[in-house]
Amino acid sequence: MIIIIGGAFQGKKQYAERVTGIPGDQMTDGEDCSLEEIYSCQCLYHFHEWVRRKLPDIKDYEQEARKIFEANPELVLIANELGCGVVPANAFDRNFRETEGRLLTCLAGMSSEVHRVVCGIGTVIKG
């Protein structure tokens, strides 16, 4: 598994195309794909939006991360970093932010590579 993280609009998807060779039109969008597609797609971008939609079903971060990794260990996962800004006032958004961060932490531990992208420039932070 490869994880690519960074702030919104930092060029993560284009960076993933360059690094992995997967064309953008073959990547799956977490905002509108089926919730099960993460278990079989080659690359999922907008992971944070997938988490937002799946949130009511996620009871155990580690178990969910393990399920994703075991079903699709070659997955390239692209996600916005949500934990670096202002803490949301609304309870749902705080839970969403925490869940995405904890899932990414678990998945990063299992991944062979983790990249962080800022201004279109990627830095390998694991692998």
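Bear in mind that the values here come from a model prediction, so they are computed numbers and not experimental data. (Residues numbered from 1 in each chain as written. Predicted model: local features only at pLDDT ≥ 70, side-chain atom pairs only at ≥ 80, totals over all residues. Heavy atoms only, no water.)

What about the sheet that holds strand β1 (residues 2-6)?
Step number 1: One open sheet accounts for 6 strands, arranged β2-β3-β4-β1-β5-β6; its pairing is mixed. The strands lining the two open edges of the sheet, one partner per strand, are β2 (28-29) and β6 (121-126).
Step number 2: When β2 meets strand β3 (residues 43-45), the two strands line up parallel, connected through 2 bridges. Pairing of T28 across the sheet is with L44, part of β3.
Step number 3: Helix α2 (residues 47-54) contacts β3 and β4 (76-80) of the sheet and is inclined by roughly 80° relative to β4.
Step number 4: Sheet strands in contact with helix α4 (residues 91-110) are β1, β4, β5 (113-118) and β6, and its direction is about 145° off that of β4. (Pairing = 2+ DSSP bridges. Helix = DSSP H or I, 4+ residues; strand = E, 2+ residues; numbered from the N terminus. Contact = heavy atoms within 4.5 Å. Axes fitted to C-alpha atoms, helices over the stretch in contact; angles between N-to-C directions.)

Section: α2
Step number 1: Of the positions making up α2, those classed as buried are F47, H48, W50, V51 and K54. One side of α2 carries all its buried residues, which in axial view fall inside an arc of 155°.
Step number 2: Buried residues in α2 make contact with β3, α3 (61-71), β4 and α4. (Buried < 20%, exposed > 50% of the residue type's maximum accessible area, 1.4 Å probe, protein only. Arc of directions from axis to C-beta.)

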